[in-house]
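Given next are the chains, with one letter for each unit.
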Amino acid sequence: MSSNVYIPSETPFSKFLELALTVFPERKTGIREILRPACEYLPMPLSLGWLSNPFEKDYPTDRFVDGLVLSDIKSGATRPVAAPWMHALYEQSREKQPTGVTTIQLKEAHFSSQFGWRHRGLIVALVVQIGFALYGLLNNQIREGSLVIFGILIQIFDGLYVSTFPKYYPPRPANQVRFYALHTGMTTNHILIVVHDPGTKDGKYSGGSANLGRVNLEDAAVPLVKHYTGQQRRLVDTCAFILQSTGWIFRVICILTASNGYLLAVVMLFGSLIKGGFSLFLHWNNPKSSEPVFLDIDRKKPNLLDRIMATCQAAGSVSVGFVESILPDPTGTHVDYHYISDTLTKGSTTVDPHPDHQEAEAVHEAASKRRTTKCDITAKIIMSFEFGSVSKSIETLSKHTRLRRLLQEDPGVKGCCWFAKDPDDQSHPFANFLRVLVALVFAPIYITFPHNSVGSIKDFLKQAAWFIEYSNTPHAILHSSPMGGIAKYSPTGLNPKWLLRVEFNDDEDGDGFQYTQIKWSEKPLDATYNAISYSMSCARVLFDEAKMELLDPHPKDGRQYSLRDRKRISWFVLREYASARRRRQKGEKAKIEYIWLDEFCLSANGTEDPEVEEAERRREVGLLADIFSGAEHVCVFCDVENCEHVNLDCSWNTRLFTLAEILRARNVFILTRRRPSKEGEEEENPTDPHVHLVTHMTFNYGDQFRRRIQTEAALNNKWHLYAVMQHSTNAGAASWQAVIHSMVVEAIRRDEADNFNDHNFLGKGLNGLLPRRSQLDDLKGKDGWQDLAWLLELNQGFYNAASLAAVCSLAEYNVSSHRWWGKPITPAEGNERLEPLVTAFPVSSVMSNNSLEPTLCVIHPKTLSIKHMLRRDSAALYNNDELKGIRNLGRLLLFILIGPIGLSLLGTLNLRGGFAVIYISCILYSFLDLAASTIYVVREGWVYLDTTGWNDQAVDKLKDQDPNFAPFTTWGDEQLCPKWDPPSQDYKNHKKKSKSNPRYQHGFLVDLKSKVIVSVTVIDRPNSLIVLALHGCGITCMLLNRPAEPNAIAAKVGMANVPPYVLAQSVEAGTVYVGGGPPK
């Protein structure tokens, strides 16, 4: 027989969980004491733990200040403070001034009596818990849903009980101003003078059943317990018994009944989370009070007597009880009291210093500087409405108001209108006119409208997409090797494919040699080889001296020389080597040597297919580091007379390939051209340019030769080259990050110095010098930036590419990809510090058409938005202290006109006159608001100002837009900031830069809040920056033009070094991808 009766399945763990959550003591948060003054019957959400006694304090005892007492300065009555709100008030004051005397005026004698969002939040939490209960009831969780409803009813009854039968009496009324001091007795470092003015409009006590305007703070500090008698007592006891009994019943049901899930535990946990979260912000709910006034005390030698003297001078009274509650007098002579009393009554000038205090002179001098009457201090405290300087406000308005801006804003500044904010927009004047019309016609509504909210929301929405990252899966560039599959490391110590077998004779001119290309395998095993290092420009000098002509003056492949001409030119280098060898080895027999000379050994002789030959040569270039490190001698040559090849102006020493050829050379032959001379005599005709130079050969060890280059680098401030040579000679301990960075930067600068003639071989020239080397076929030799990205990604375990991105200037315009790199800057004194703050590496991003585009992936950067225009401040009347006086005066007049005058006219049924007074007063105040909005701009965030609209006098123009823009601090030369080079004016396939068609522009980054200005060079207007590295004294950032779409590729438009505080202004992002093509 079937049955439809629901039988709950008890879960042992949920049962034990409920038991644990309902029997341990409830955590004290202080919510009840802090929030119930504004709503006595406010129910608390159902939460974890034992339902506490309604009369038990919920305020945590660890928030109490040990030994805190309240002293009436005039009467001397001193009581220990029991009220939690006074402990919170004293602690808040002590945080602002840990040592000293502070005075405030209370506007309410309890925690905040205003019903706020926290109260509404608790009510919403209660409603949500009721929703959970209904959910349980509708889903056959009858027990859990019923228990939640039962628990919430207990909480509501608890709130009604506490509001109906309060535990304490409200404070007694007071009929005069009283000065009280909060302190901790002899251990006090901070005294808080509390003033409660009975005439203050807001000075009411909100609590219990009484709302009193005059409050005795002694009663507020130590509330009197309310005792109920007779029938009322029995009613109180009955309600308390019922409340406690229902709590017991709630727990008994939880223990004895079978659990059917985690609903009850979730509801209680939710309530505890809400209460715990709100408790983190409850220190904002301290009583309303005036701004604190910090009294002058002796800061150099602070002592208790000086603090007491300052307190009594502020209050204008003194008592034995107050003085000796801090400084007890065991002798009974009351010497401290008499000294302070005489100072107050007779004046400090007629009273002698304290007779026996060790700091008597300092205390007396400090007392003389302070006023001895309380009127001025009391005026500061009690005046809750400050007018400020009305005259200063009027002067600011008369001097800086520009009413024309109400209709037409200045160039480069967004207006306050609701649309067409750009002054170049044709609808801009109409939009401004509409704003002014609405502000005057609807003046009573306009003056209450939050002006800046709409603009702030729009700015936020424009940039919100930058921090919303959808799933994005770029490809690792090492995933697809040109050789197929995933990239692999290549071994080191590879040998060249071909050599020259050269047989020398004794021909004095050096022409007596014969050479044949052989394969490496044809060389005898015990034979060594020499490698010749030279530049093609030096070989061309020899070629021209021999009166030779090029066979192909205009090569078809766009290179400087055709392959057969390159071989003809390099032959003269081999001849110079033969000549120098003969002079060095005088009298020795002819010898066979094996020589590696690039133009004869990069490819096989007789290759008919030029494409095959070119591919073979490109592949072999990737072996340069191994070829020259395996040579017995590296022979270096340049055409300059008497050149030792270690000078940095030597054409050989500035080549890209020189690094690979010399860094691992064991022995060096220096080939130097000199004028011929007889032995023991000076050179012939030292000034005759037509004398034929002869080449001599000298020997250096490789380390010795590199140390000479290292010395020249230090003398010429070439610190990257210095670091490279230092590492090659093992003369210093440097990290791979620093060494690789120096090597890559030096290689790029050499490539750039040679007009990028060998740029396609940038990666191949570095291959073999870094810890991990690439397979030869993976470096294509067609795009130097692409090969460099591949090589650096192979060395990702040793180098963070963010360092290179931080020092690279803007790319040239003919660079189609990898535009985050460019000509690197050289380190100089003051900006050599370079520490990456992000991780960056090249990837291949998948575009919308499924194609792959190389991008730089920057991980977890801090980013900051950059605006392109200033924005006029529509709320300037409220945001600038200069207008505080006229604003408060206007509010006062507005209140008088609308209140006593306007309402009185309405009360006498003079509707037309009453509405006219109210309307006209609102129009006048609205016009004041409009006039103020023409003076200032919004001083928040960073803005980019180009020299097209602002010229080089940006600072002076900014002062015209806002009088508060003075003075500005320039971040640049004084901080020794690095400077990046703009794109060159002459470049391949592009016209020369002219003023009418600039390829880049100078501008300024301005921090409107901190008033810092940074000069930058960009190729387009930036709208954001990302932090890259700590660089020198500042932070190096990449300026970007970021699309609005999430995860879209950003374009690099410039570089900047900004102050370090930008790290606090910026926000963190997940990833940013930098790439794109040349600017249009």
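Residues numbered from 1 in each chain as written. Predicted model: local features only at pLDDT ≥ 70, side-chain atom pairs only at ≥ 80, totals over all residues. Heavy atoms only, no water.

The name given to the protein chain in an unreviewed UniProt entry is Heterokaryon incompatibility domain-containing protein, with Clathrus columnatus as the source organism.

> For the packing of aromatic side chains, give the residues involved together with the corresponding values.
The full count for this structure, using the stated rule, is 20 aromatic pairs. An angle of 50° between the planes, with centres 6.2 Å apart, marks the rings of Phe150 and Phe250 as tilted. Taken together, the positions of Phe150 in helix α5 (residues 142–164) and Phe250 in helix α7 (residues 230–256) put the pair 100 residues apart, joining distant regions of the chain. Here Phe150 falls in the partly exposed class, since its relative accessible area comes to 24%. Ring centres of Phe699 and Tyr701 lie 5.1 Å apart, and the angle between their planes is 80°; this geometry places the pair in the edge-to-face category. For Phe699, a relative accessible area of 28% translates into the label partly exposed. On the basis of relative accessible area, Tyr701 is assigned to the exposed category, the value being 52%. These aromatic residues form a ring-pair network of at least three members: Phe504, Phe513, Phe543, Trp571, Phe572 and Tyr577. Its guanidinium or amino end placed over the ring of Trp520, Lys523 lies 4.5 Å from that ring's centre, counting from NZ or CZ. (Phe/Tyr/Trp six-rings, centres within 6.5 Å; stacked < 30°, edge-to-face > 60°. Helix = DSSP H or I, 4+ residues; strand = E, 2+ residues; numbered from the N terminus. Buried < 20%, exposed > 50% of the residue type's maximum accessible area, 1.4 Å probe, protein only. Lys NZ or Arg CZ within 6 Å of the ring centre and 35° of its normal.)

> Describe the state of the cysteines, naming the residues involved and giving the relevant values.
Enumeration according to the criterion identifies zero disulfides in this entry. Looking at Cys416, it has no disulfide partner, and the nearest cysteine sulfur is the one in Cys417, 7.6 Å off. Looking at Cys416, the relative accessible area reads 11%, which means it is buried. (Disulfide = S-S within 2.5 Å.)

> Outline the side chain of Glu793, listing residues and values.
Assignment of secondary structure puts Glu793 in helix α28 (residues 784–794). The side chain of Glu793 is buried and forms no salt bridge, while Arg772, the nearest opposite charge, is found at 13 Å. (Lys, Arg positive; Asp, Glu negative; His and termini not counted. Salt bridge = Lys/Arg side-chain N within 4 Å of Asp/Glu carboxyl O.)

> For unusual backbone geometry, give the residues involved together with the corresponding values.
Phi is positive for Lys547, which is not a glycine, with a value near 60°. Checked against the element boundaries, Lys547 lands in the loop between α18 (536–545) and α19 (563–584). One non-glycine residue, Leu976, lies in the positive phi region at around 55°. Within the element layout of this structure, Leu976 appears in the loop between β24 (969–970) and β25 (1001–1007). Take Leu976: its relative accessible area is 46%, and that puts it in the partly exposed class.

> With reference to specific residues and values, describe the packing of helix α26 (residues 736–753) against α28.
One way to put it is that α26 packs onto α28 with a least axis distance of 13 Å and a crossing angle of 170°. Our classification of the angle between α26 and α28 gives roughly antiparallel. Contacts between α26 and α28 pair Ile740, Val744 and Ile748 from the former with Trp785, Leu788 and Leu792 from the latter. Class assignment for the residues of the contact of α26 with α28 results in six nonpolar, no polar and no charged. (Axes fitted to C-alpha atoms, helices over the stretch in contact; angles between N-to-C directions. Parallel < 35°, antiparallel > 145°, perpendicular 65-115°, else oblique. Contact = heavy atoms within 4.5 Å. Nonpolar A, V, L, I, M, F, W, Y, C, P; charged D, E, K, R; others polar.)

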